[in-house]
Amino acid sequence: MTDGILGKAATMEIPIHGNGEAGQLPEDDGLEQDLQQVMVSGPNLNETSIVSGGYGGSGDGLIPTGSGRHPSHSATPAGSGDEVARGIAGEKFDIVKKWGINTYKCTKQLLSERFGRGSRTVDLELELQIELLRETKRKYESVLQLGRALTAHLYSLLQTQHALGDAFADLSQKSPELQEEFGYNAETQKLLCKNGETLLGAVNFFVSSINTLVTKTMEDTLMTVKQYEAARLEYDAYRTDLEELSLGPRDAGTRGRLESAQATFQAHRDKYEKLRGDVAIKLKFLEENKIKVMHKQLLLFHNAVSAYFAGNQKQLEQTLQQFNIKLRPPGAEKPSWLEEQ
């Protein structure tokens, strides 16, 4: 009866073996973390409303409760305030009850998967892409950390070179017999500082772009992935519930429960499939954006570092011009040497 409803499109049910593994797919972060994820989103009781015609009816007759105000009527019957309060309390109770049932089903499904007594729906291609994204993010976070360390070292080196140049210049004025030697060493440190500031500007731009890619673009996609994974768990929980009901005895009471379970299952299936599509689209655009950003940033980093260590001041300046990077003058309000146009 439920074969048509339980079709998986591009997904498939993976039986969970005794060791709790689904085929060759990588394990999640851990049972405790998954249970916390199931419990983390509690019911929102601040935006409840009384719906005429019963819970879950049409939007007509809504009485918002978030603002704490209710429509006033010229002829308000005595005790209507108590009725509204009881209605609000009843609706909030229904919300908590519904959330509790959903949490119970999802926890039961999660434990069933983990201990080898159930099955889970798996889109193999999509889940491999998700795992690749998580691995890529970890590696980019490592690059970001190293880039920040390089920026700190370069800034410290610049401060030392600047102080050393000032000391040489001062000694050049006070040591006539070594004036020339101190003088050209002071000029050398000054030139090194200038080139170092240019390199620091390029590295800052590189680090800033990687930071945006990791903490905003990738993180946004992973937030959608978390929603998709939660929807997948709900989908399988209500699928299992429907399958168990379908195998049970058929009577008038069971038919009503079965119809209700089918409707609930279909709603969760629609939510799951929508989020699965959202994740696929975001992964596609993320990959395109990542390639575009990193092509530019890696070229910038290579050209700037090569020109700096070759002592090619002109090429360094051309590199910053090519990527529209403008250096802040020393003494500007912000400590950063970077300003993107």
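What you see is a predicted model; the values in this text were computed from it and never measured.

The rules we used
- Residues numbered from 1 in each chain as written.
- Predicted model: local features only at pLDDT ≥ 70, side-chain atom pairs only at ≥ 80, totals over all residues.
- Heavy atoms only, no water.
- Helix = DSSP H or I, 4+ residues; strand = E, 2+ residues; numbered from the N terminus.
- Buried < 20%, exposed > 50% of the residue type's maximum accessible area, 1.4 Å probe, protein only.
- Contact = heavy atoms within 4.5 Å.
- Areas by Shrake-Rupley, 256 points an atom, 1.4 Å probe, with all protein chains shown as cover.
- Phe/Tyr/Trp six-rings, centres within 6.5 Å; stacked < 30°, edge-to-face > 60°.
- Lys NZ or Arg CZ within 6 Å of the ring centre and 35° of its normal.
- Axes fitted to C-alpha atoms, helices over the stretch in contact; angles between N-to-C directions.
- Parallel < 35°, antiparallel > 145°, perpendicular 65-115°, else oblique.
- Left-handed = near helix turned anticlockwise from the far one by under 90°.
- Nonpolar A, V, L, I, M, F, W, Y, C, P; charged D, E, K, R; others polar.
- Salt bridge = Lys/Arg side-chain N within 4 Å of Asp/Glu carboxyl O.

Student: I would appreciate a short explanation of the overall build of the protein chain in the present structure.
Tutor: Regarding its fold elements, the protein chain presents six helices and six strands. Walking the protein chain from its N terminus toward its C terminus, one meets helices and strands in the order β-α-β-β-α-β-α-α-α-α-β-β. A buried classification covers 35% of the 341 residues belonging to the protein chain. Relative to all contacts within the protein chain whose residues are 6 or more apart in sequence, the contacts with residues 24 or more apart total 76%. Working note: accessible area of the protein chain is about 20700 Å², and carbon and sulfur atoms make up 55% of it.

Student: How should the packing of aromatic side chains be read in this particular structure?
Tutor: Two aromatic rings, taken as a pair, are described by how far apart their centres are and by the angle between their planes. Inspection of every chain in the model, using the stated rule, returns six aromatic pairs. Look at F168 and F182: their rings are 6.0 Å apart centre to centre, the planes differ by 35°, and that puts the pair in the tilted class. A residue pair is termed long-range when its members are at least 10 positions apart, and F168 in helix α3 (residues 124–174) and F182 in helix α4 (residues 179–247) qualify at 14 residues. Per residue, the accessibility class of F168 equals that of F182, and both read buried. Joined through ring pairs, the aromatic side chains of Y228, Y235, F265 and Y272 make up one cluster. The ring of F285 has K284 lying over it, and the distance from NZ or CZ to the ring centre is 5.3 Å.

Student: Teacher, can you tell me more about the packing of α3 against α4 here?
Tutor: For any two helices packed against each other, one specifies the crossing angle of their axes together with the interaxial distance. Running from N to C, α3 and α4 cross one another at 160°; their axes reach a closest spacing of 7 Å. With respect to α4, the axis of α3 lies roughly antiparallel. Crossing handedness for the pair α3 and α4: left-handed. For the contact of α3 with α4, the per-class residue count stands at 30 nonpolar, 15 polar and eight charged.

Student: How should I be thinking about unusual backbone geometry in this particular structure?
Tutor: Only a minority of non-glycine residues have a phi that is not negative, and only a minority of peptide bonds are not trans. A positive phi is found at N324, a non-glycine position, where the angle reads about 55°. Within the secondary structure, N324 is located in the loop between α6 (313–322) and β5 (325–327). Look at N324 and you get partly exposed, because its relative accessible area is 45%.

Student: I tried to follow the pattern of salt bridges on my own but got confused; where do I start?
Tutor: The final tally for this structure, using the stated rule, is 16 salt bridges. Measuring nitrogen to oxygen at the nearest pair gives 3.0 Å for the salt bridge that ties K274 to D278. Pair noted here: K274 and D278 are both in helix α5 (residues 252–309), with a separation of four residues, about one helical turn. Under the relative-accessibility criterion, K274 is labelled exposed at 54%. Look at D278 and you get partly exposed, because its relative accessible area is 26%. Salt bridges linked by common partners bring R232, D236, R239 and E243 together as one network.

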